[in-house]
Amino acid sequence: MNVTHPKGFVAAGVAAGIKQNGKLDFAAVVNLGQNPVGAAVYTSNRAKANPILWSESVDIENTRAVVLNSGGANCFTGEFGYETTKQTANRAAHLITERFGGELGETHPAQIQVCSTGLIGAGGADFRAAVLNGVECAIMQLASDSAAGDAAAQAIMTTDTVIKTAHIEGENGYRIGAIAKGAGMLAPGLATMLVVITTDARLAPQELQQALEAAVGQTINRLDSDGCMSTNDQVTLLSSGVSDADVDVTEFTRNLTAVCDSLAAQLQADAEGASHTIDITVTGAKSERDAEEVGRALARNNLFKTAIFGNDPNWGRVLAAIGTTNAVFDPYKVDVSFNGVRLCSNGGPDRPVAECDLRPKHTLVEINLFAAVGDSSYTATIRTNDLTTDYVHENSAYSS
């Protein structure tokens with residue numbers, strides 16, 4: 001189940017002709033609630049694609065729909081590319097009004113969030129024609145069944161090998177559903193890929209935005225596959241408000257976090273060329289920021305990542321990597337464990353590395369900083385992957 005699981009949503013995924021291989025490449029998710037509410041987080045990369053520039057400038061709180069294409073990022077394509085995004089929103093608003101205006105009233109271009117993913121620099125006349133064709137086809141094929149949501153998830157894939165979806169039901173019966181894409185350039189900057197999340201829970205715009213930021217901060221924003229931040233990252237949350245359930249915002253945020261965590265794990269598992277998924281859990285930190293900084297420093301360290309690729313639990317590389325941070329700790333009092341085996345204690349050897357088996361795909365690295373104890377101790381987990389020859393090959397063969 002996916003974005004069509006909550007009540008009040010329809011979706012579609014179509015082949016618009018953007019991808020030359022004929023695969024699905026354009027998706028739409030439309031909110032049919034009488035009072036649509038939206039929230040979003042965007043990449044913090046200063047190099048922003050035209051769809052991001054558009055989406056950040058319009059009325060996210062009253063978003064009616066998200067339209068997304070793969071096969072072209074429409075980034076660094078100048079005024080023509082921005083005009084393409086604007087025309088996409090205009091066409092989507094017009095067609096949604098034509099199809100659903102009798103029950104919903106007029107949809108305005110400012111209520112359309114536009115997302116693109118693919119090759120930077122792609123966005124010429126052929127791209128525009130294909131995208132506008134995608135809008136026509138997708139709005140025509142909108143449906144509320146799970147297959148329609150799966151088609152939308154497939155249409156936004158680039159180097160992904162599988163679709164990513166998630167769902168959950170709240171205590172009072174409201175629903176949350178989601179789709180995502182991403183397999184490379186997974187580094188946080190408010191968001192790390194294209195994600196659309198839907199819910200039929202009734203929340204105010206500020207509540208929805210705060211819940212999304214909290215959920216993303218604990219999950220998606222801690223997925224750091226290769227340290228490369230995209231120009232097109234966006235996570236959008238839409239509420240139809242058609243559920244009659246009384247919604248506790250704290251419980252909703254917890255459930256939304258669970259959905260985002262599931263998506264982050266799926267994205268990590270499908271990372272380009274990876275042979276290991278790596279969870280780095282840092283404990284005993286003076287602050288949550290310190291814990292995150294230490295975990296992220298290791299996640300982006302190529303010597304560590306290649307060691308994991310070679311099934312080598314090289315704890316020395318861990319200490320060397322985290323020693324580059326500004327976090328508060330004594331590197332000569334740190335413990336490091338791999339898959340439950342403590343190999344380093346108080347900054348020195350503990351057990352023989354031969355006792356640790358890194359052949360399973362999942363690797364858990366635990367770092368105890370001993371910088372704080374009790375209630376003053378903070379923790380964070382960063383998700384990443386190893387650095388493999390397959391990753392190098394895939395990204396040398398694929399333009400990005």
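Fair warning: this is a prediction, and the values are worked out from it, not measured in the lab. (Residues numbered from 1 in each chain as written. Predicted model: local features only at pLDDT ≥ 70, side-chain atom pairs only at ≥ 80, totals over all residues. Heavy atoms only, no water.)

Caption draft 1: Focus on the overall build of the protein chain. Along the protein chain, the regular secondary structure elements total ten helices and 15 strands. Burial analysis of the protein chain (400 residues in total) assigns 56% to the buried set. Sequence-distant contacts, at least 24 apart, represent 80% of the contacts inside the protein chain between residues at least 6 apart. For the protein chain, the accessible surface area stands at approximately 15800 Å², while carbon and sulfur atoms represent 49% of it. The centroid of the 28 positive side-chain charges in the protein chain is displaced by 3 Å from the centroid of its 45 negative side-chain charges. (Helix = DSSP H or I, 4+ residues; strand = E, 2+ residues; numbered from the N terminus. Buried < 20%, exposed > 50% of the residue type's maximum accessible area, 1.4 Å probe, protein only. Contact = heavy atoms within 4.5 Å. Areas by Shrake-Rupley, 256 points an atom, 1.4 Å probe, with all protein chains shown as cover. Lys, Arg positive; Asp, Glu negative; His and termini not counted. Charge placed at Lys NZ, Arg CZ, Asp CG, Glu CD.)

Caption draft 2: Examining the packing of aromatic side chains more closely. Counted by the stated rule, this structure contains two aromatic pairs. Ring plane angle 55 degrees and centroid distance 6.4 Å describe the contact between Trp54 and Tyr82, whose orientation is recorded as tilted. One end of the pair, Trp54, is in helix 1 (residues 50-57); the other, Tyr82, is in helix 2 (residues 78-104), with 28 residues separating them in the sequence. On the accessibility criterion, Trp54 (8% relative accessible area) is buried. Judged by relative accessible area, Tyr82 falls into the partly exposed class, the value being 28%. Where Tyr174 meets Phe252, the ring centres are 5.7 Å apart and the plane angle is 45 degrees; that geometry is what we call tilted. In this pair, Tyr174 sits in the loop between strand 6 (164-169) and strand 7 (175-181) while Phe252 sits in helix 6 (residues 249-269), placing the two residues 78 residues apart along the sequence. Arg128 extends its terminal NZ or CZ atom over the ring of Phe80, reaching a point 3.7 Å from the ring centre. (Phe/Tyr/Trp six-rings, centres within 6.5 Å; stacked < 30°, edge-to-face > 60°. Lys NZ or Arg CZ within 6 Å of the ring centre and 35° of its normal.)

Caption draft 3: View of the sheet that holds strand 6. The strand order across the open sheet formed by five strands is 3-9-8-7-6, and the pairing between neighbours is mixed. With partners counted over all chains shown, the strands left at the sheet margins are strand 3 (37-42) and strand 6, one partner each. Averaged over all adjacent pairs, the angle separating strand axes in this sheet is 10 degrees, with direction ignored. When strand 3 meets strand 9 (residues 234-239), the two strands line up antiparallel, connected through six bridges. Its bridge partner lying in strand 9, Val37 is registered against Ser239. (Pairing = 2+ DSSP bridges. Axes fitted to C-alpha atoms, helices over the stretch in contact; angles between N-to-C directions.)

Caption draft 4: Examining the sheet that holds strand 13 (residues 348-349) more closely. One open sheet accounts for six strands, arranged 13-12-11-14-10-15; its pairing is mixed. The open sheet has two edge strands with one neighbour each: strand 13 and strand 15 (378-385). The sheet contacts of helix 6 involve strand 10 (277-285) and strand 15, and relative to strand 15 the element is tilted by about 35 degrees. In this fold helix 7 (residues 288-299) packs onto strand 10, strand 14 (362-368) and strand 15, with an angle of close to 20 degrees to the strand it touches most, strand 15.

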